[in-house]
Amino acid sequence: MRLWRRAERRIGSGKPGWSGFQGVRREEERRRGVFTRRTLLLGAGQLGLFGFLASRLYRLQSEEGERYATLAEENRVSARLIPPPRGRILDRNGQVVAGNQLNWRALLVAEQTQDVAATLDTFSRIVPLTEQERARIERELRRRRRFVPVAVREFLSWEDMARIEVNAPDLPGILIDVGTTRLYPEGEHLSHLVGYVAPPAERDMDGDPLLELPGIRVGRAGIERHHDLLLRGRAGAVQLEVNAVGRVIRELDRREGVPGQDVQLSVDAGLQKALRGRIEEGTSVVVMDARNGEVLAMASQPSFDPNVFNAGVSAAQWRQWTSNRATPLINKATNGLYAPGSTFKMIVGLAGLEARVVAPGDRVFCPGHMDLGDTRFHCWQRHGHGSLDLRGAVKLSCDVYFYEIARRVGIDRIAAMANRFGLGVDLDIELPGTKRGLVPTRAWRQAQGKPWNLGDTIVHGIGQGFYQLTPLQLATMTARLATGRAVQPHLTRMVGGKPGRGGRPEDWPSLGIPERDLKLMREGMWAVVNEPGGTALGARLPPALGVMAGKTGSVQVRRVSREQRERGFKAENQPREWRPHALFVAFAPYDNPLYAVSVVVEHGMSGAGAAAPLARDAMVEVFNRLRPAPGQRVAEAGR
Amino acid sequence: MSGVTYERRLLTRDRGFGLLQKLWLIPWSFVLLLCAIAAVGYVALYSAGGGSAEPYAAKHALRFGFGLVLMLSIAMVDIRFIARLAWVGYATGIALLVLVLLHGNVGKGAQRWIDIGPLQLQPSELMKIMLVLGLAAWFQRASWERMGNLLFLIPPGLAVLLPVGLILKQPNLGTALITGMVGGAVFLAAGTRWWKFALAAGGVAVAAPIAYDHLHDYQRARITTFLDPESDPLGAGYNIIQSKIALGSGGLWGKGFLQGTQGHLNFLPEKQTDFIFTMIAEEFGLVGALAVLGLLSLVLVFCFAVALRCRHQFGRLIAVGLGTNFFLYVFVNVAMVTGSIPVGGVPLPLISHGGSAMLTTMLGFGLLISVYVHRDAEFASARD
């Protein structure tokens, strides 16, 4: 039947034709026969070889399975990370302000013990563990892979170590190891700047395997946090072949890590310490290099000891810090917000000059107050200053003169000028969480749904009102006044031996304010400190050191009502927290400004009385420590 | 003979039978089988990626999808058209091999490839298919008598030796051997006399020691460590030992999905390519390994079934050649990971990670299905 069909097909296609049919058919049959035989042979052979593979698998997996399972157990190549040393933080003179010290600790490798809980029980009979510690260990064990060690106890004493070693046979999975921990030799003096480190939390896990290592720390605040990745370095790794009991048989592969880089700060640790020794609670001082914005010292009282964070802060300690009204954890120099008071008057003066609403020679008569409608704005000098020009108004800090300028120039131009001087803007310093502050504008007030009144403008002309500025911003403002350049404060001088940004004065653009205007303001500030009648005459520098120029300020923290004023209001008689803050900003030397200082003394009453002497002392200290020797180039000072 | 078969034959005779009818003729159960094997590959690569679709499994699925389209497109092409173009394909394969020798990139194990956009093409993989096509085209009309003529066998013999030599020059011993064997299988199926095979085998036996002298050191190392793998556990034999430990420790039922310690602790080198079968066998045990081997055997059975059912010599030879090619891939790979033959760097088709191998495998299956679809197509018959 089949043959017939094929024959039919061939007839249909008509190709070979009838005559050749028999021969062709035989030929085709023969060829096909050979093909079929050989193909079957090939196929059978190939399937047979698959069968061989199957038998091979059976032998390996079933008959010898147990032997290989044991081999797999024993055969552990253990990959261990080598933590790189965390980079140090140095002060401008190379003194270590954050370093590393050895730390003996007990670790637990979960995969090396049959029963984690039993090991921990035994361990706590030898070295007691608290409930919290136990909970932390179990949490970390759950979070990490079984071959990653978890720290059981750090900072072991010699006795504890000896006891653990003696009991080693009963403590499978426990091993003693030396790591490093962070040490801050200057303690609380630099903690607001340097910051501190702490064990990484879940949210810090950024995929860096280093963070899984026991005892590793990440920067939590300040420079430690800002430069965390630089300081941290990269983990190295060793591949070790270990036997069933965890003994290292050989090292298979080693990749060296990259040690963390050292960060050198612009801060002078000695200067910082000296300043902090001089100031009381609620005071902050910022000392900057006016030429390039390097922060030389930034003191805020009170402070905290960053070493405490290393081993973990106790709940009691934490409560004490957070409930303290003097806020030791907060750096007031960058996060304390104050109205600038009279230290702001130069900005108002410059805004007036730039808008040409006032000329340097313009005189204003101060009767002791200014009336607007039926509101009376007082000058701090009740009896009035009489007739004044702009320089004299700065020298005597006449309120009425600046009320008048503010009235003429308007709040928005004042705010714009303030922003150019770094007030109310983010200065981008390397301290995470630094406040940006507030310089009010008409639009800002209207966004709150309230109108901006002319009276508001007048009050803001003397630095009172809604302003919220930080001492760091005030120091920056002073440095910019002194140099005419838009210097920004920064703390990093060198990273890994290479200079950081903005180290040279030329790195900073000009503010674009006519030198003539700036000079007038500087002259006024010179008179404040050096001319009879100036508000801070007592803060003159010793003549050998040079000439300082500055500006006082004091800001009310409570409104003084008319009745109080008429009844003979005396701030000294108020409770401490109602007394005004005292401020002072200064730069020196007058003719070639090198340094800028700002001081804020909370509830210090008067700028001249409380803040100016501190500023003078800070200047003296800076000059004594950093002033270049004669003949040495200024730029090399303090290296 | 049922009526359906008769109807199909009529359809096939009609040159113009449509696309839809061809789709109907595609062996969908075979396509499903390929999908199942690719799914096994996805699961294994998911595990090799450390329990994640990245970086291997997702790409694998994408490539397989692309390969399916390619395969089905080729399956639609009339086999006679392919036969006419076979020599062009062969020439292209040779040209690519020459090109890759001159300009290709050399990777580890000296596999050479050409970058075509995002794709890396290994011409040696393509060559095997083109060689099968070329040989099948040569032999399609050769009668039994003709096959006895030595002179008739010389051109196809050279056609095998040329690519083998070029691949050896890369140097890639494993692929060169496989290429030679695929060619040999086609020769055998075409009806070459047995004694000529015996003669060729003798020639190889004489040539092998001479060739060994010309082998590269790493290739020699593979052969010597194969003979005694335990001799240098951290050297070249390390991979084989680790692979055997992984396989053996998998036991009957395996350690469970994603639980393989050998693979996940990175004992296994190249677990996503050459040692993927070890991953499967460690995690799913003997049962899983045999199941995968069973699926792969079904593919082989299909190849030979197509060969036996095909009515023209061209299709038969293609089916045998491609089947043998597939068999050699699987055999060399599994034998390698079980420590039965020296490490050869051959991937497991449809399962291992790798775009070039996937593409050429699917290309081959496309041809195979085309043979199946056009199994009753008219060719000119045998000549003397």
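Residues numbered from 1 in each chain as written. Chains lettered and ligands numbered in written order. Predicted model: local features only at pLDDT ≥ 70, side-chain atom pairs only at ≥ 80, totals over all residues. Heavy atoms only, no water.

1. Remarks on the overall build of chain A
Thought 1: A count of helical and extended segments in chain A gives 23 helices and 21 strands.
Thought 2: Of all intrachain contacts in chain A linking residues separated by at least 6 positions in sequence, the fraction that spans at least 24 positions is 72%.
Thought 3: Accessible surface for chain A amounts to roughly 29,200 Å². Of this, 50% is attributable to carbon and sulfur atoms. (Helix = DSSP H or I, 4+ residues; strand = E, 2+ residues; numbered from the N terminus. Contact = heavy atoms within 4.5 Å. Areas by Shrake-Rupley, 256 points an atom, 1.4 Å probe, with all protein chains shown as cover.)

2. What about the nonpolar core?
Thought 1: Formed by 121 residues in total, the largest nonpolar core has its most connected members in Phe 30, Phe 139, Phe 314, Ile 318, Phe 365 and Leu 368 of chain B.
Thought 2: Other than its neighbours up to four places away in sequence, Leu 368 of chain B contacts Phe 30, Phe 302, Cys 303, Val 306, Ala 319 and Leu 322 of chain B.
Thought 3: If you look at the next biggest cluster of nonpolar residues, it comprises 92 residues, including Leu 271, Leu 388, Met 417 and Val 439 of chain A. (Core = buried A, V, L, I, M, F, W, Y, C linked by side-chain atoms within 4.5 Å. Buried < 20%, exposed > 50% of the residue type's maximum accessible area, 1.4 Å probe, protein only.)

3. Considerations on the pairing of strand β17 (residues 492–495) of chain A
Residue and element names in this part refer to chain A.
Thought 1: In this structure, strand β10 (residues 263–265) lies alongside β17, joined through 3 bridges in antiparallel fashion. Within β17, the position partnered with Gln 264 by the bridge is Met 494.
Thought 2: In textbook terms, the turn of a hairpin is the stretch between consecutive antiparallel strands, and for β17 and strand β18 (residues 498–499) this stretch comprises 2 residues, one of which, Gly 496, has a positive phi near 55°. (Pairing = 2+ DSSP bridges.)

4. Focus on helix α5 (residues 131–143) of chain A
Thought 1: The end-to-end C-alpha separation of α5 of chain A is 18 Å, in line with the 18 Å expected for 13 residues at 1.5 Å each.
Thought 2: Of the surrounding secondary structure, the elements contacted by the buried residues of α5 of chain A are β3 (96–108), α4 (116–126) and β4 (150–153) of chain A. (Expected span 1.5 Å × (residues − 1).)

5. Let's talk about the packing of aromatic side chains
Thought 1: Taken as a whole and judged by the stated rule, the model has 28 aromatic pairs over all chains.
Thought 2: Ring geometry for Tyr 196 of chain A versus Phe 309 of chain A: centroids 3.6 Å apart, planes at 10°, classification stacked. Residue Tyr 196 of chain A is found in the loop between α7 (191–194) and β6 (197–198), and its partner Phe 309 of chain A is found in helix α11 (residues 307–310); the two are separated by 113 residues along the sequence.
Thought 3: Centroid distance Phe 30 of chain B to Phe 302 of chain B: 3.9 Å. Interplanar angle 15°. Geometry classified as stacked. Taken together, the residues span a long stretch of sequence, with Phe 30 of chain B in helix α3 (residues 28–48) and Phe 302 of chain B in helix α14 (residues 276–309) at a distance of 272 residues.
Thought 4: The class for Phe 30 of chain B is buried, based on a relative accessible area of 3%.
Thought 5: Members of the aromatic cluster, connected to one another through ring pairs, are Trp 87, Tyr 90, Trp 138, Phe 139, Phe 152 and Phe 187 of chain B.
Thought 6: One Lys or Arg, Lys 128 of chain B, reaches over the ring of Tyr 329 of chain B and ends 4.3 Å from the middle of that ring.
Thought 7: The residue whose ring lies beneath Arg 193 of chain B is Trp 144 of chain B, and the NZ or CZ to ring-centre distance is 3.6 Å. (Phe/Tyr/Trp six-rings, centres within 6.5 Å; stacked < 30°, edge-to-face > 60°. Lys NZ or Arg CZ within 6 Å of the ring centre and 35° of its normal.)

6. Some thoughts on the environment of Asp 389 of chain A
Residues and elements named next belong to chain A.
Thought 1: Here Asp 389 lies in the loop between β16 (386–388) and α15 (390–396).
Thought 2: On the basis of relative accessible area, Asp 389 is assigned to the partly exposed category, the value being 24%.
Thought 3: Excluding residues that lie within four positions of it along the chain, Asp 389 makes contacts with Pro 360, Gly 361, Asp 362, Arg 363 and Tyr 401.
Thought 4: In terms of polar contacts, Asp 389 uses its side chain to reach the backbone amide nitrogen of Gly 392, at 2.9 Å. (Polar contact = N/O pair within 3.5 Å; in protein donor to acceptor, adjacent residues only side chain to side chain.)

7. Describing unusual backbone geometry
Peptide bonds are mostly trans, and most non-glycine residues show a negative phi.
Thought 1: Along the chain, Gln 301 of chain A connects to Pro 302 of chain A via a cis peptide bond; the corresponding omega equals -5°.
Thought 2: Within the secondary structure, Pro 302 of chain A sits in the loop between β12 (295–300) and α11.
Thought 3: Omega for the bond connecting Ala 588 of chain A with Pro 589 of chain A falls within 30 degrees of zero, at -15°, which places this linkage in the cis form.
Thought 4: Of note in the backbone geometry, Asp 428 of chain A takes a positive phi value of approximately 60° without being a glycine.
Thought 5: By the secondary structure assignment, Asp 428 of chain A is in the loop between α17 (411–420) and α18 (442–447).
Thought 6: On the accessibility criterion, Asp 428 of chain A (47% relative accessible area) is partly exposed.
Thought 7: Phi at Leu 350 of chain B takes a positive value of approximately 70°, unusual for a residue other than glycine.
Thought 8: Position of Leu 350 of chain B relative to the elements: it lies in the loop between α15 (313–337) and α16 (355–373).
Thought 9: The class for Leu 350 of chain B is buried, based on a relative accessible area of 3%.

8. Here's the deal with the side chain of Arg 276 of chain A
Residue and element names in this part refer to chain A.
Thought 1: You can see Arg 276 is positioned in helix α10 (residues 269–278).
Thought 2: A residue is classified by how much of its surface remains accessible, and Arg 276, at 4% relative accessible area, is buried.
Thought 3: At 3.1 Å, the side chain of Arg 276 and the side chain of His 189 are in polar contact.
Thought 4: One polar contact links Arg 276 to Gln 301, side chain to side chain, over a distance of 2.9 Å.
Thought 5: Leaving out residues up to four positions away in the same chain, Arg 276 has contacts with Glu 188, His 189, Ala 299, Ser 300, Gln 301 and Ser 303.

9. With respect to the confidence of the model for chain A
Residues and elements named next belong to chain A.
Thought 1: For chain A, per-residue confidence averages 85 on the pLDDT scale, and 89% of positions sit at 70 or higher.
Thought 2: Taken together, the stretch residues 7–19 has pLDDT below 50 and engages in 14 contacts with residues farther than four places along the chain or on a different chain.
Thought 3: In this model, residues 629–639 is a region of pLDDT below 50 whose contacts with residues beyond four sequence positions or in other chains number 15 contacts. (pLDDT = per-residue confidence, 0-100.)

10. With respect to the sheet that holds strand β20 (residues 581–588) of chain A
Residue and element names in this part refer to chain A.
Thought 1: The strand order across the open sheet formed by 5 strands is β12-β11-β21-β20-β19, and the pairing between neighbours is antiparallel. Unpaired on one side and paired on the other, β12 and β19 (549–555) mark the two borders of the sheet. Averaged over all pairs of adjacent strands, the angle between their axes in this sheet comes to 5°, without regard to strand direction.
Thought 2: In this structure, β19 lies alongside β20, joined through 7 bridges in antiparallel fashion. Counterpart to Thr 552 in the pairing with β20 is Phe 584.
Thought 3: Strands β11 (283–289), β12, β20 and β21 (595–601) of the sheet are contacted by helix α20 (residues 471–483), whose axis makes an angle of about 145° with β21. (Axes fitted to C-alpha atoms, helices over the stretch in contact; angles between N-to-C directions.)

11. Here we look at a nonpolar patch on the surface
All names here are of chain B.
Thought 1: A surface patch of nonpolar side chains, amounting to about 360 Å² of accessible area, comprises Tyr 42, Val 43, Phe 257, Leu 258 and Phe 284.
Thought 2: For Phe 284, the position within the fold is in helix α14.
Thought 3: For Phe 284, a relative accessible area of 31% gives the class partly exposed. (Patch = residues over 30% accessible without salt bridge, like charges linked within 9 Å, V, L, I, M, F, W, Y side chains within 5 Å. Salt bridge = Lys/Arg side-chain N within 4 Å of Asp/Glu carboxyl O.)

12. Some details on helix α8 (residues 150–168) of chain B
Residues and elements named next belong to chain B.
Thought 1: Between the first and last C-alpha of α8 there are 26 Å, a value that for 19 residues agrees with the 27 Å anticipated at 1.5 Å per step.
Thought 2: Of all the positions in α8, only Phe 152, Leu 153, Pro 156, Ala 159, Val 160, Pro 163, Val 164, Leu 166 and Ile 167 are classed as buried.
Thought 3: On its buried side, α8 packs onto α5 (79–103), α6 (123–139), α7 (144–147), α9 (173–190) and α10 (194–214).
Thought 4: For α8, the N-terminal cap is Asn 149; the gap from its side-chain oxygen to the backbone nitrogen of Leu 151 is 3.0 Å.

13. Section: the packing of α10 of chain A against helix α23 (residues 607–626) of chain A
Residue and element names in this part refer to chain A.
Thought 1: For the pair α10 and α23, the least separation of the axes is 10 Å and the interaxial angle reads 155°. Taken together, the axes of α10 and α23 are roughly antiparallel relative to one another. Viewed along their axes, α10 and α23 form a crossing whose handedness is right-handed. Here Gly 270, Leu 271, Ala 274, Leu 275 and Arg 278 of α10 lie close against α23, whose contacting residues are Pro 613, Leu 614, Asp 617, Ala 618, Glu 621, Val 622 and Arg 625.
Thought 2: In the contact of α10 with α23, the residues fall into 7 nonpolar, 1 polar and 4 charged. (Parallel < 35°, antiparallel > 145°, perpendicular 65-115°, else oblique. Left-handed = near helix turned anticlockwise from the far one by under 90°. Nonpolar A, V, L, I, M, F, W, Y, C, P; charged D, E, K, R; others polar.)

14. Observations regarding the packing of α14 of chain B against α16 of chain B
Residue and element names in this part refer to chain B.
Thought 1: Remark: α14 packs on α16, axes separated minimally by 9 Å, with the N-to-C direction vectors making an angle of 40°. Our classification of the angle between α14 and α16 gives oblique. By crossing handedness, the relation of α14 to α16 is classed as left-handed. In this structure, α14 uses Val 299, Phe 302, Cys 303, Val 306 and Arg 309 to contact α16, whose residues at the interface are Phe 365, Leu 368, Val 371 and Tyr 372.
Thought 2: The class makeup of the residues in the contact of α14 with α16 is 8 nonpolar, no polar and 1 charged.

15. Some points on the pairing of β21 of chain A
All names here are of chain A.
Thought 1: With 7 of 7 residues buried, β21 is to be regarded as a mostly interior element.
Thought 2: Alternating positions in β21 separate into two faces, Tyr 595, Val 597, Val 599 and Val 601 on one and Ala 596, Ser 598 and Val 600 on the other, with burial throughout.
Thought 3: As paired strands, β11 and β21 are joined by 7 bridges and run antiparallel to one another. Each bridged residue has a counterpart across the sheet, and for Asp 289 the counterpart in β21 is Tyr 595.
Thought 4: Relative to β21, β20 runs antiparallel, the two being bridged by 7 bridges. Each residue of the ladder has a partner; that of Phe 587, found in β21, is Ala 596.

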